[in-house]
Amino acid sequence: MRTGRLTGKGNRSIGIPPPLVLALVYALLMMGGAALLMLPVASTQALDWSQALFTAVSAVTVTGLVVVDTGSAYTVFGQAVILVLIQLGGLGIMTFAVLVLAMLGQSVGLQGRVYLRDELSQTSLAHLLWLVWVIFRVVLACELLGAAALAVIFVPEFGWREGLWQALFHAVSAFNNAGFGLFPDSLSRWATHPLMNLVVPVLIVIGGLGFSVIADVYRQRRWQGFSLHTRLMLSGTAVILPLSVVAVAALEWTNPETLGQFAGWTERGMAAWFQAVTPRTAGFNTVDISGLRDSTSVLFLGLMFVGAGSTSTAGGIKLTTLVVLLLAVAAFVRRRSELDVFGRTLAHAQVMKLWVVSLLALLAVGFGVFVITLTNGGDFLDYLFEAVSAFGTVGLSRGVTAELDPLGQTALMALMFIGRVGPLALGLFLATRTVPRVRYPAGEVYIG
(Lines give C-alpha, C1' and ligand atoms only; values in the text may rest on other atoms or scores of the structure.)
Protein backbone atom coordinates (compact mmCIF):
# COMPACT_ATOMS: atom_id res chain seq x y z
CA MET A 1 0.00 0.00 0.00
CA ARG A 2 1.47 3.28 -1.09
CA THR A 3 1.44 6.18 1.28
CA GLY A 4 1.42 9.93 0.97
CA ARG A 5 4.41 11.83 2.31
CA LEU A 6 4.13 14.64 4.83
CA THR A 7 7.12 16.41 6.32
CA GLY A 8 7.52 16.24 10.08
CA LYS A 9 10.04 17.66 12.52
CA GLY A 10 13.61 17.43 11.36
CA ASN A 11 12.41 17.13 7.75
CA ARG A 12 11.53 13.50 8.35
CA SER A 13 8.83 12.17 6.05
CA ILE A 14 5.81 10.59 7.64
CA GLY A 15 3.94 7.99 5.64
CA ILE A 16 0.17 8.48 5.65
CA PRO A 17 -1.99 5.99 3.74
CA PRO A 18 -4.09 7.56 0.94
CA PRO A 19 -7.46 6.70 2.54
CA LEU A 20 -6.46 8.51 5.72
CA VAL A 21 -5.27 11.51 3.70
CA LEU A 22 -8.64 11.62 1.96
CA ALA A 23 -10.44 11.38 5.30
CA LEU A 24 -8.38 14.30 6.58
CA VAL A 25 -9.17 16.34 3.47
CA TYR A 26 -12.88 15.67 3.90
CA ALA A 27 -12.65 16.77 7.54
CA LEU A 28 -10.92 20.00 6.52
CA LEU A 29 -13.60 20.61 3.90
CA MET A 30 -16.26 20.25 6.58
CA MET A 31 -14.49 22.75 8.82
CA GLY A 32 -14.05 25.19 5.95
CA GLY A 33 -17.70 24.84 4.98
CA ALA A 34 -18.79 25.50 8.54
CA ALA A 35 -16.64 28.64 8.64
CA LEU A 36 -18.29 29.94 5.46
CA LEU A 37 -21.76 29.22 6.83
CA MET A 38 -20.90 31.22 9.95
CA LEU A 39 -20.40 34.37 7.87
CA PRO A 40 -23.17 36.96 8.36
CA VAL A 41 -23.87 36.95 4.62
CA ALA A 42 -24.64 33.23 4.71
CA SER A 43 -27.57 33.16 7.13
CA THR A 44 -30.79 35.00 7.84
CA GLN A 45 -30.62 34.35 11.59
CA ALA A 46 -28.01 34.00 14.29
CA LEU A 47 -26.36 30.58 14.05
CA ASP A 48 -23.92 29.03 16.46
CA TRP A 49 -20.87 27.01 15.47
CA SER A 50 -22.50 23.65 16.21
CA GLN A 51 -25.39 24.37 13.81
CA ALA A 52 -23.05 25.47 11.02
CA LEU A 53 -20.76 22.48 11.55
CA PHE A 54 -23.67 20.03 11.56
CA THR A 55 -24.93 21.47 8.28
CA ALA A 56 -21.47 21.34 6.71
CA VAL A 57 -20.90 17.73 7.81
CA SER A 58 -24.32 16.75 6.52
CA ALA A 59 -23.65 18.46 3.17
CA VAL A 60 -20.15 17.04 2.58
CA THR A 61 -21.33 13.55 3.52
CA VAL A 62 -24.39 14.09 1.23
CA THR A 63 -26.73 13.12 4.05
CA GLY A 64 -29.40 15.79 4.38
CA LEU A 65 -30.07 15.74 8.13
CA VAL A 66 -30.49 19.31 9.39
CA VAL A 67 -30.87 21.15 12.66
CA VAL A 68 -32.18 24.35 11.00
CA ASP A 69 -34.35 24.74 7.92
CA THR A 70 -32.11 25.18 4.88
CA GLY A 71 -34.52 27.33 2.89
CA SER A 72 -35.29 29.87 5.62
CA ALA A 73 -32.16 29.85 7.80
CA TYR A 74 -29.66 30.41 4.97
CA THR A 75 -29.43 33.10 2.33
CA VAL A 76 -28.81 32.32 -1.33
CA PHE A 77 -25.09 32.60 -0.58
CA GLY A 78 -25.38 30.12 2.28
CA GLN A 79 -27.44 27.78 0.11
CA ALA A 80 -24.80 28.06 -2.62
CA VAL A 81 -22.11 27.07 -0.09
CA ILE A 82 -24.20 24.04 0.88
CA LEU A 83 -24.68 23.16 -2.80
CA VAL A 84 -20.93 23.29 -3.46
CA LEU A 85 -20.27 21.12 -0.41
CA ILE A 86 -22.85 18.61 -1.67
CA GLN A 87 -21.26 18.54 -5.11
CA LEU A 88 -17.75 18.12 -3.74
CA GLY A 89 -18.87 15.45 -1.30
CA GLY A 90 -20.86 13.53 -3.89
CA LEU A 91 -18.46 13.83 -6.79
CA GLY A 92 -15.40 13.33 -4.60
CA ILE A 93 -12.71 15.83 -3.73
CA MET A 94 -9.95 14.06 -5.64
CA THR A 95 -12.20 13.53 -8.66
CA PHE A 96 -12.99 17.24 -8.71
CA ALA A 97 -9.30 18.14 -8.28
CA VAL A 98 -8.29 15.89 -11.19
CA LEU A 99 -10.97 17.47 -13.37
CA VAL A 100 -9.65 20.95 -12.60
CA LEU A 101 -6.06 19.91 -13.33
CA ALA A 102 -7.09 18.29 -16.60
CA MET A 103 -9.00 21.40 -17.68
CA LEU A 104 -5.91 23.49 -16.91
CA GLY A 105 -3.77 21.15 -18.97
CA GLN A 106 -1.81 19.92 -15.94
CA SER A 107 -0.73 16.29 -15.57
CA VAL A 108 -1.76 14.13 -12.64
CA GLY A 109 1.17 12.47 -10.89
CA LEU A 110 1.37 8.94 -9.60
CA GLN A 111 0.54 9.94 -6.02
CA GLY A 112 -2.54 11.81 -7.21
CA ARG A 113 -3.65 8.73 -9.12
CA VAL A 114 -3.22 6.63 -5.99
CA TYR A 115 -5.46 9.00 -4.02
CA LEU A 116 -7.99 9.00 -6.87
CA ARG A 117 -7.96 5.21 -7.06
CA ASP A 118 -8.76 4.94 -3.35
CA GLU A 119 -11.51 7.54 -3.53
CA LEU A 120 -13.18 5.77 -6.47
CA SER A 121 -12.67 2.34 -4.86
CA GLN A 122 -10.78 1.06 -7.89
CA THR A 123 -8.20 -1.74 -7.86
CA SER A 124 -6.03 -0.41 -10.69
CA LEU A 125 -4.49 2.87 -11.75
CA ALA A 126 -5.40 2.19 -15.38
CA HIS A 127 -8.22 4.16 -17.06
CA LEU A 128 -8.68 6.42 -14.03
CA LEU A 129 -8.61 9.65 -16.03
CA TRP A 130 -11.04 8.19 -18.55
CA LEU A 131 -13.35 7.25 -15.69
CA VAL A 132 -13.15 10.78 -14.30
CA TRP A 133 -14.20 12.27 -17.64
CA VAL A 134 -17.12 9.84 -17.87
CA ILE A 135 -18.15 10.84 -14.36
CA PHE A 136 -17.95 14.53 -15.30
CA ARG A 137 -20.11 14.07 -18.41
CA VAL A 138 -22.73 12.00 -16.59
CA VAL A 139 -22.91 14.37 -13.62
CA LEU A 140 -23.19 17.44 -15.85
CA ALA A 141 -25.82 15.89 -18.11
CA CYS A 142 -27.96 14.47 -15.32
CA GLU A 143 -27.91 17.58 -13.16
CA LEU A 144 -28.60 20.00 -16.01
CA LEU A 145 -31.36 17.86 -17.51
CA GLY A 146 -32.82 17.34 -14.04
CA ALA A 147 -32.72 21.07 -13.34
CA ALA A 148 -34.41 21.82 -16.67
CA ALA A 149 -37.19 19.34 -15.92
CA LEU A 150 -37.72 20.61 -12.37
CA ALA A 151 -37.80 24.19 -13.68
CA VAL A 152 -41.08 23.28 -15.36
CA ILE A 153 -42.48 22.83 -11.85
CA PHE A 154 -40.73 25.59 -9.92
CA VAL A 155 -40.59 28.51 -12.40
CA PRO A 156 -44.36 28.91 -12.90
CA GLU A 157 -44.86 28.92 -9.13
CA PHE A 158 -41.88 30.98 -7.94
CA GLY A 159 -40.76 32.98 -10.97
CA TRP A 160 -37.67 32.64 -13.17
CA ARG A 161 -34.95 33.66 -10.75
CA GLU A 162 -36.09 31.77 -7.66
CA GLY A 163 -37.56 28.91 -9.66
CA LEU A 164 -34.37 28.20 -11.60
CA TRP A 165 -32.30 28.28 -8.43
CA GLN A 166 -34.64 25.87 -6.67
CA ALA A 167 -34.63 23.58 -9.71
CA LEU A 168 -30.82 23.51 -9.83
CA PHE A 169 -30.47 23.04 -6.06
CA HIS A 170 -32.87 20.11 -5.91
CA ALA A 171 -31.47 18.48 -9.06
CA VAL A 172 -27.92 18.53 -7.67
CA SER A 173 -29.14 17.38 -4.26
CA ALA A 174 -31.16 14.52 -5.79
CA PHE A 175 -28.40 13.24 -8.10
CA ASN A 176 -25.92 13.29 -5.22
CA ASN A 177 -28.44 11.49 -3.00
CA ALA A 178 -28.11 14.35 -0.53
CA GLY A 179 -31.73 15.00 0.41
CA PHE A 180 -31.20 18.70 1.13
CA GLY A 181 -34.31 20.70 0.22
CA LEU A 182 -35.35 24.32 0.38
CA PHE A 183 -38.78 23.61 1.85
CA PRO A 184 -39.48 22.62 5.47
CA ASP A 185 -41.72 19.74 4.35
CA SER A 186 -39.21 18.53 1.75
CA LEU A 187 -41.20 17.87 -1.46
CA SER A 188 -44.53 16.99 0.18
CA ARG A 189 -46.47 19.73 -1.60
CA TRP A 190 -45.74 17.96 -4.91
CA ALA A 191 -46.55 14.47 -3.66
CA THR A 192 -48.97 13.83 -6.53
CA HIS A 193 -47.13 15.75 -9.27
CA PRO A 194 -46.20 13.25 -12.04
CA LEU A 195 -43.07 15.09 -13.16
CA MET A 196 -41.70 15.43 -9.62
CA ASN A 197 -42.32 11.73 -9.03
CA LEU A 198 -40.38 10.93 -12.19
CA VAL A 199 -37.43 13.33 -12.22
CA VAL A 200 -36.26 13.15 -8.61
CA PRO A 201 -36.43 9.33 -8.26
CA VAL A 202 -34.66 8.84 -11.61
CA LEU A 203 -31.85 11.18 -10.51
CA ILE A 204 -31.62 9.30 -7.22
CA VAL A 205 -31.40 5.91 -8.91
CA ILE A 206 -28.79 7.01 -11.49
CA GLY A 207 -26.66 8.68 -8.83
CA GLY A 208 -26.96 5.61 -6.61
CA LEU A 209 -25.89 3.10 -9.25
CA GLY A 210 -22.25 4.10 -8.91
CA PHE A 211 -19.80 5.74 -11.27
CA SER A 212 -18.13 2.43 -12.08
CA VAL A 213 -21.43 0.95 -13.20
CA ILE A 214 -22.27 4.03 -15.27
CA ALA A 215 -18.85 3.95 -16.92
CA ASP A 216 -19.15 0.22 -17.62
CA VAL A 217 -22.57 0.66 -19.22
CA TYR A 218 -21.27 3.64 -21.20
CA ARG A 219 -18.32 1.63 -22.50
CA GLN A 220 -19.77 -1.87 -23.04
CA ARG A 221 -23.48 -1.27 -23.68
CA ARG A 222 -24.27 -5.00 -23.60
CA TRP A 223 -24.92 -7.39 -20.73
CA GLN A 224 -22.28 -9.91 -21.78
CA GLY A 225 -19.55 -7.31 -21.60
CA PHE A 226 -20.45 -5.93 -18.18
CA SER A 227 -18.22 -6.59 -15.19
CA LEU A 228 -19.42 -8.79 -12.34
CA HIS A 229 -19.93 -5.72 -10.14
CA THR A 230 -22.13 -4.08 -12.78
CA ARG A 231 -24.21 -7.20 -13.23
CA LEU A 232 -24.74 -7.59 -9.49
CA MET A 233 -25.63 -3.92 -9.07
CA LEU A 234 -28.10 -3.81 -11.97
CA SER A 235 -29.68 -7.13 -10.97
CA GLY A 236 -29.93 -6.12 -7.32
CA THR A 237 -31.50 -2.77 -8.22
CA ALA A 238 -33.99 -4.43 -10.57
CA VAL A 239 -35.11 -6.69 -7.72
CA ILE A 240 -35.03 -4.44 -4.66
CA LEU A 241 -36.81 -1.42 -6.18
CA PRO A 242 -40.06 -3.20 -7.19
CA LEU A 243 -40.10 -5.14 -3.93
CA SER A 244 -39.65 -1.92 -1.96
CA VAL A 245 -42.51 -0.22 -3.82
CA VAL A 246 -44.85 -3.16 -3.20
CA ALA A 247 -43.84 -3.34 0.47
CA VAL A 248 -44.34 0.38 1.11
CA ALA A 249 -47.69 0.35 -0.68
CA ALA A 250 -48.90 -2.71 1.23
CA LEU A 251 -47.84 -1.34 4.62
CA GLU A 252 -48.98 2.28 4.20
CA TRP A 253 -51.92 2.07 1.79
CA THR A 254 -54.57 2.77 4.42
CA ASN A 255 -52.47 4.94 6.75
CA PRO A 256 -54.21 8.35 6.82
CA GLU A 257 -50.96 10.08 7.78
CA THR A 258 -49.10 8.85 4.67
CA LEU A 259 -50.55 7.15 1.58
CA GLY A 260 -54.08 7.03 2.95
CA GLN A 261 -54.41 10.81 2.66
CA PHE A 262 -54.57 10.53 -1.14
CA ALA A 263 -57.87 9.63 -2.78
CA GLY A 264 -56.87 7.82 -5.97
CA TRP A 265 -54.84 4.71 -6.70
CA THR A 266 -52.55 6.67 -9.00
CA GLU A 267 -51.68 9.24 -6.34
CA ARG A 268 -51.06 6.57 -3.71
CA GLY A 269 -48.97 4.58 -6.17
CA MET A 270 -46.78 7.60 -6.98
CA ALA A 271 -46.27 8.36 -3.29
CA ALA A 272 -45.38 4.72 -2.60
CA TRP A 273 -42.88 4.76 -5.49
CA PHE A 274 -41.22 7.94 -4.24
CA GLN A 275 -40.95 6.72 -0.65
CA ALA A 276 -39.55 3.36 -1.81
CA VAL A 277 -36.74 5.04 -3.76
CA THR A 278 -35.69 7.68 -1.26
CA PRO A 279 -34.45 5.38 1.58
CA ARG A 280 -31.64 4.27 -0.77
CA THR A 281 -29.81 7.25 0.82
CA ALA A 282 -31.61 10.09 -0.97
CA GLY A 283 -33.41 11.74 1.94
CA PHE A 284 -36.28 13.46 0.12
CA ASN A 285 -39.85 12.64 1.09
CA THR A 286 -43.36 13.49 -0.09
CA VAL A 287 -45.16 12.21 3.03
CA ASP A 288 -44.52 12.78 6.72
CA ILE A 289 -41.84 10.26 7.73
CA SER A 290 -42.82 10.53 11.39
CA GLY A 291 -46.29 9.31 10.39
CA LEU A 292 -45.00 5.98 9.06
CA ARG A 293 -46.18 2.85 10.80
CA ASP A 294 -43.55 1.11 12.91
CA SER A 295 -43.41 -1.81 10.47
CA THR A 296 -42.65 0.56 7.60
CA SER A 297 -40.02 2.33 9.68
CA VAL A 298 -38.31 -1.02 10.24
CA LEU A 299 -38.40 -1.61 6.47
CA PHE A 300 -36.83 1.83 5.97
CA LEU A 301 -34.14 0.97 8.50
CA GLY A 302 -33.11 -1.99 6.39
CA LEU A 303 -33.16 -0.04 3.13
CA MET A 304 -31.16 2.83 4.63
CA PHE A 305 -28.59 0.52 6.18
CA VAL A 306 -27.99 -1.25 2.86
CA GLY A 307 -27.94 1.90 0.71
CA ALA A 308 -27.14 1.83 -3.00
CA GLY A 309 -23.99 1.19 -5.05
CA SER A 310 -20.27 1.37 -4.40
CA THR A 311 -18.37 4.35 -5.90
CA SER A 312 -21.69 6.19 -5.97
CA THR A 313 -23.08 9.25 -4.22
CA ALA A 314 -24.92 6.95 -1.80
CA GLY A 315 -23.98 5.51 1.57
CA GLY A 316 -24.78 2.36 3.53
CA ILE A 317 -22.99 -0.97 3.39
CA LYS A 318 -23.93 -1.03 -0.33
CA LEU A 319 -26.36 -3.17 -2.29
CA THR A 320 -23.66 -5.40 -3.77
CA THR A 321 -22.54 -6.25 -0.23
CA LEU A 322 -26.06 -7.43 0.62
CA VAL A 323 -26.32 -9.46 -2.60
CA VAL A 324 -22.98 -11.20 -2.05
CA LEU A 325 -23.75 -11.95 1.61
CA LEU A 326 -27.10 -13.48 0.65
CA LEU A 327 -25.37 -15.57 -1.99
CA ALA A 328 -22.79 -16.64 0.61
CA VAL A 329 -25.57 -17.74 2.97
CA ALA A 330 -27.23 -19.69 0.15
CA ALA A 331 -23.93 -21.37 -0.71
CA PHE A 332 -23.37 -22.28 2.95
CA VAL A 333 -26.87 -23.75 3.29
CA ARG A 334 -26.29 -25.79 0.14
CA ARG A 335 -22.89 -26.85 1.53
CA ARG A 336 -20.98 -25.50 -1.43
CA SER A 337 -17.33 -24.66 -0.91
CA GLU A 338 -17.22 -22.01 -3.65
CA LEU A 339 -19.36 -18.92 -4.19
CA ASP A 340 -20.19 -18.71 -7.90
CA VAL A 341 -22.25 -15.96 -9.53
CA PHE A 342 -22.64 -15.01 -13.20
CA GLY A 343 -19.87 -17.41 -14.19
CA ARG A 344 -17.37 -15.97 -11.72
CA THR A 345 -16.06 -17.27 -8.40
CA LEU A 346 -15.71 -14.88 -5.47
CA ALA A 347 -12.76 -15.49 -3.18
CA HIS A 348 -13.42 -16.32 0.48
CA ALA A 349 -11.20 -13.38 1.49
CA GLN A 350 -13.45 -10.95 -0.39
CA VAL A 351 -16.59 -12.37 1.22
CA MET A 352 -14.92 -12.12 4.62
CA LYS A 353 -14.23 -8.42 4.01
CA LEU A 354 -17.92 -7.86 3.35
CA TRP A 355 -18.85 -9.59 6.60
CA VAL A 356 -16.33 -7.40 8.43
CA VAL A 357 -17.70 -4.21 6.84
CA SER A 358 -21.27 -5.19 7.75
CA LEU A 359 -20.39 -6.08 11.34
CA LEU A 360 -18.44 -2.85 11.87
CA ALA A 361 -21.36 -0.90 10.43
CA LEU A 362 -23.73 -2.56 12.89
CA LEU A 363 -21.34 -1.80 15.74
CA ALA A 364 -21.03 1.84 14.67
CA VAL A 365 -24.80 2.30 14.53
CA GLY A 366 -25.28 0.46 17.81
CA PHE A 367 -22.70 2.57 19.60
CA GLY A 368 -24.17 5.75 18.08
CA VAL A 369 -27.64 4.88 19.37
CA PHE A 370 -26.15 4.09 22.78
CA VAL A 371 -24.50 7.52 22.96
CA ILE A 372 -27.69 9.27 21.85
CA THR A 373 -29.81 7.52 24.48
CA LEU A 374 -27.36 8.40 27.26
CA THR A 375 -28.61 11.96 27.55
CA ASN A 376 -31.82 11.98 25.51
CA GLY A 377 -35.04 10.49 26.79
CA GLY A 378 -37.24 10.19 23.73
CA ASP A 379 -38.57 7.29 21.68
CA PHE A 380 -35.98 4.59 20.94
CA LEU A 381 -37.24 3.95 17.40
CA ASP A 382 -36.82 7.65 16.60
CA TYR A 383 -33.19 7.58 17.75
CA LEU A 384 -32.43 4.34 15.92
CA PHE A 385 -33.99 5.77 12.77
CA GLU A 386 -31.88 8.94 12.97
CA ALA A 387 -28.70 6.94 13.65
CA VAL A 388 -29.19 4.59 10.69
CA SER A 389 -30.14 7.54 8.50
CA ALA A 390 -26.93 9.30 9.50
CA PHE A 391 -24.69 6.27 8.93
CA GLY A 392 -26.35 5.50 5.60
CA THR A 393 -26.02 9.20 4.64
CA VAL A 394 -29.74 9.14 3.89
CA GLY A 395 -31.17 12.23 5.54
CA LEU A 396 -34.66 10.92 6.26
CA SER A 397 -35.76 12.03 9.71
CA ARG A 398 -38.59 11.41 12.13
CA GLY A 399 -38.21 15.01 13.26
CA VAL A 400 -35.96 14.60 16.30
CA THR A 401 -32.55 15.65 14.92
CA ALA A 402 -32.90 19.28 15.98
CA GLU A 403 -34.25 18.21 19.40
CA LEU A 404 -31.15 16.20 20.32
CA ASP A 405 -28.69 17.65 22.80
CA PRO A 406 -25.10 18.48 21.71
CA LEU A 407 -23.88 14.96 22.55
CA GLY A 408 -26.61 13.38 20.44
CA GLN A 409 -25.94 15.66 17.48
CA THR A 410 -22.20 14.96 17.80
CA ALA A 411 -22.98 11.24 17.60
CA LEU A 412 -24.96 11.84 14.41
CA MET A 413 -22.09 13.85 12.90
CA ALA A 414 -19.67 11.04 13.74
CA LEU A 415 -21.99 8.51 12.11
CA MET A 416 -22.31 10.67 8.99
CA PHE A 417 -18.54 11.00 8.77
CA ILE A 418 -18.02 7.26 9.27
CA GLY A 419 -20.75 6.41 6.79
CA ARG A 420 -19.23 8.54 4.04
CA VAL A 421 -15.49 8.63 4.75
CA GLY A 422 -14.98 5.63 7.04
CA PRO A 423 -14.99 2.99 4.28
CA LEU A 424 -11.98 4.74 2.72
CA ALA A 425 -9.89 4.25 5.84
CA LEU A 426 -11.39 0.83 6.51
CA GLY A 427 -10.41 -0.29 3.02
CA LEU A 428 -6.77 0.35 3.92
CA PHE A 429 -6.78 -2.12 6.79
CA LEU A 430 -8.80 -4.72 4.89
CA ALA A 431 -6.52 -4.47 1.86
CA THR A 432 -3.25 -4.66 3.78
CA ARG A 433 -1.85 -8.19 3.99
CA THR A 434 0.39 -9.23 6.84
CA VAL A 435 2.27 -12.49 7.08
CA PRO A 436 1.89 -14.05 10.55
CA ARG A 437 5.18 -14.86 12.25
CA VAL A 438 3.68 -17.74 14.20
CA ARG A 439 1.16 -20.33 13.02
CA TYR A 440 -0.97 -22.22 15.51
CA PRO A 441 -2.73 -25.59 15.22
CA ALA A 442 -6.27 -25.49 13.86
CA GLY A 443 -9.05 -25.24 16.45
CA GLU A 444 -12.81 -25.69 16.46
CA VAL A 445 -15.64 -23.61 17.89
CA TYR A 446 -19.10 -25.11 18.37
CA ILE A 447 -21.87 -23.16 16.64
CA GLY A 448 -25.57 -23.29 17.49
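Residues numbered from 1 in each chain as written. Predicted model: local features only at pLDDT ≥ 70, side-chain atom pairs only at ≥ 80, totals over all residues. Heavy atoms only, no water.

Quick look at the overall build of the protein chain
Moving on, step 1. When helices and strands are tallied, the protein chain shows 17 helices and four strands.
Moving on, step 2. Looking at the protein chain as a whole, 52% of its 448 residues are labelled buried. (Helix = DSSP H or I, 4+ residues; strand = E, 2+ residues; numbered from the N terminus. Buried < 20%, exposed > 50% of the residue type's maximum accessible area, 1.4 Å probe, protein only.)

Thoughts on the layout of surface pockets
Moving on, step 1. Reported here for the second largest pocket is a volume of approximately 550 Å³.
Moving on, step 2. As for the second largest pocket, its lining consists of 28 residues, of which Val66, Pro184, Ser186, Asn285 and Ser397 are closest to the centre.
Moving on, step 3. Of the residues contributing to the lining of the second largest pocket, the split by class is 12 nonpolar, 12 polar and four charged. (1 Å grid on protein atoms, 1.4 Å probe; cavity = no way out; pocket = protein on both sides within 12 Å on 5 of 7 lines; lining within 4 Å. Points joined across faces, edges and corners; volume = space filled by probe spheres on them. Nonpolar A, V, L, I, M, F, W, Y, C, P; charged D, E, K, R; others polar.)

Regarding helix 13 (residues 294-306)
Moving on, step 1. Here helix 13 spans 19 Å end to end across 13 residues, near enough to the 18 Å set by a 1.5 Å rise per residue.
Moving on, step 2. Those residues of helix 13 that fall on the buried side of the exposure criterion are Thr296, Ser297, Phe300, Leu301, Leu303, Met304, Phe305 and Val306.
Moving on, step 3. Elements that come into contact with the buried residues of helix 13 comprise helix 11 (228-252), helix 12 (265-277), helix 14 (319-333), helix 15 (348-375) and helix 16 (380-391).
Moving on, step 4. Gly307 sits one or two positions beyond helix 13 and adopts a positive phi of about 80°. (Expected span 1.5 Å × (residues − 1). Contact = heavy atoms within 4.5 Å.)

A word on the pattern of salt bridges
A side chain with one charge may pair with a side chain of the opposite charge, provided their charged atoms come close.
Moving on, step 1. One pass over the structure, following the stated rule, counts three salt bridges.
Moving on, step 2. A salt bridge links Arg336 to Asp340; its shortest N-O distance comes to 3.2 Å.
Moving on, step 3. What makes Arg336 partly exposed here is its relative accessible area of 40%. (Salt bridge = Lys/Arg side-chain N within 4 Å of Asp/Glu carboxyl O.)

Re the side chain of Thr321
Moving on, step 1. Residue position: Thr321 is located in helix 14.
Moving on, step 2. Among the residues examined, Thr321 registers a relative accessible area of 6% and is labelled buried.
Moving on, step 3. If we ignore the near neighbours within four places in the chain, the residues touching Thr321 are Leu354 and Ser358.

Topic: the packing of aromatic side chains
Moving on, step 1. In the structure shown here, the tally under the stated rule is 11 aromatic pairs.
Moving on, step 2. Here the aromatic rings of Phe154 and Trp190 are separated by 5.1 Å at their centres, their planes lie at 85°, and the arrangement is edge-to-face. Taken as a pair, Phe154 in helix 7 (residues 128-158) and Trp190 in the loop between helix 8 (160-175) and helix 9 (194-209) lie far apart in primary sequence, 36 residues in all.
Moving on, step 3. Connected via pairs of aromatic rings, a cluster forms that spans Phe154, Phe158, Phe183 and Trp190. (Phe/Tyr/Trp six-rings, centres within 6.5 Å; stacked < 30°, edge-to-face > 60°.)

A word on unusual backbone geometry
Moving on, step 1. One non-glycine residue, Ser186, lies in the positive phi region at around 60°.
Moving on, step 2. Considering the arrangement of structural elements, one finds Ser186 in the loop between helix 8 and helix 9.
Moving on, step 3. Phi angles above zero are rare outside glycine, and Thr281 is one such case at about 90°.
Moving on, step 4. Using a relative accessible area of 0% as the deciding quantity, one classes Thr281 as buried.

Considerations on the nonpolar core
Moving on, step 1. Counting residues in each nonpolar core, the largest one holds 71 residues, and the members touching the most others are Ile82 and Ile86.
Moving on, step 2. Residues Ala147, Leu150, Ala167 and Phe175 belong to the second largest nonpolar core, which totals 33 residues. (Core = buried A, V, L, I, M, F, W, Y, C linked by side-chain atoms within 4.5 Å.)

Points about the packing of helix 14 against helix 15
Moving on, step 1. Remark: helix 14 packs on helix 15, axes separated minimally by 10 Å, with the N-to-C direction vectors making an angle of 115°. Seen along the crossing, helix 14 lies across helix 15 with a hand that is left-handed. Contacts from Thr321, Val324, Leu325, Ala328 and Val329 in helix 14 reach Val351, Leu354, Trp355 and Ser358 in helix 15.
Moving on, step 2. Looking at the contact of helix 14 with helix 15 residue by residue, the classes come out as seven nonpolar, two polar and no charged. (Axes fitted to C-alpha atoms, helices over the stretch in contact; angles between N-to-C directions. Left-handed = near helix turned anticlockwise from the far one by under 90°.)

Comments concerning the environment of Leu22
Moving on, step 1. With respect to the element layout, Leu22 can be found in helix 1 (residues 18-37).
Moving on, step 2. Sequence separation of Leu22 and Val421 is 399 residues, and the distance between their C-alpha atoms is 8.0 Å.

Describing a nonpolar patch on the surface
Moving on, step 1. On the surface, a nonpolar cluster with roughly 570 Å² of combined accessible area is contributed by Val329, Phe332, Val333, Met352 and Trp355.
Moving on, step 2. Secondary-structure elements contributing two or more residues to the nonpolar patch are helix 14 and helix 15.
Moving on, step 3. With three residues, the single largest contributor to the nonpolar patch is helix 14. (Patch = residues over 30% accessible without salt bridge, like charges linked within 9 Å, V, L, I, M, F, W, Y side chains within 5 Å. Areas by Shrake-Rupley, 256 points an atom, 1.4 Å probe, with all protein chains shown as cover.)

A few points about helix 15
Moving on, step 1. Look at helix 15: 42 Å from first C-alpha to last across 28 residues, which is about the 40 Å you get at 1.5 Å a residue.
Moving on, step 2. Restricting attention to buried positions, one finds in helix 15 the residues Val351, Leu354, Ser358, Ala361, Ala364, Val365, Gly368, Val369, Val371 and Ile372.

Quick look at the environment of Leu339
Moving on, step 1. Residue placement: Leu339 occurs in strand 3 (residues 339-341).
Moving on, step 2. Taking the C-alpha atoms as reference points, Leu339 and Leu327, 12 residues apart in sequence, are found 7.2 Å from one another.
Moving on, step 3. Apart from the residues lying within four places of it in its own chain, the contact partners of Leu339 are Val324, Leu327, Ala328, Ala331, Arg344, Thr345, Leu346 and Val351.

Thoughts on the side chain of Thr401
Moving on, step 1. As for its placement among the helices and strands, Thr401 is situated in the loop between helix 16 and helix 17 (406-431).
Moving on, step 2. Given the relative accessible area of 2%, Thr401 is considered buried.
Moving on, step 3. Side-chain polar atoms of Thr401 contact the side chain of Glu386, separated by 2.4 Å. (Polar contact = N/O pair within 3.5 Å; in protein donor to acceptor, adjacent residues only side chain to side chain.)

Remarks on the confidence of the model for the protein chain
Moving on, step 1. For the protein chain, the mean per-residue pLDDT works out to 83, and 82% of the residues sit at or above 70.
Moving on, step 2. Scored below 50 in pLDDT, residues 1-14 makes 28 contacts in the model with residues more than four places away or belonging to other chains.
Moving on, step 3. With pLDDT under 50 throughout, residues 122-126 is counted as low confidence; its partners more than four residues away or in other chains account for 11 contacts. (pLDDT = per-residue confidence, 0-100.)

As for the packing of helix 11 against helix 12
Moving on, step 1. At a closest axis distance of 8 Å, the pairing of helix 11 and helix 12 adopts a crossing angle of 125°. Classed by the angle they form, the pair helix 11 and helix 12 counts as oblique. The two elements helix 11 and helix 12 cross, and the hand of that crossing is right-handed. Side by side, helix 11 and helix 12 meet where Leu241, Ser244, Val245, Val248 and Ala249 of the first sit next to Ala272, Trp273, Gln275, Ala276 and Val277 of the second. (Parallel < 35°, antiparallel > 145°, perpendicular 65-115°, else oblique.)

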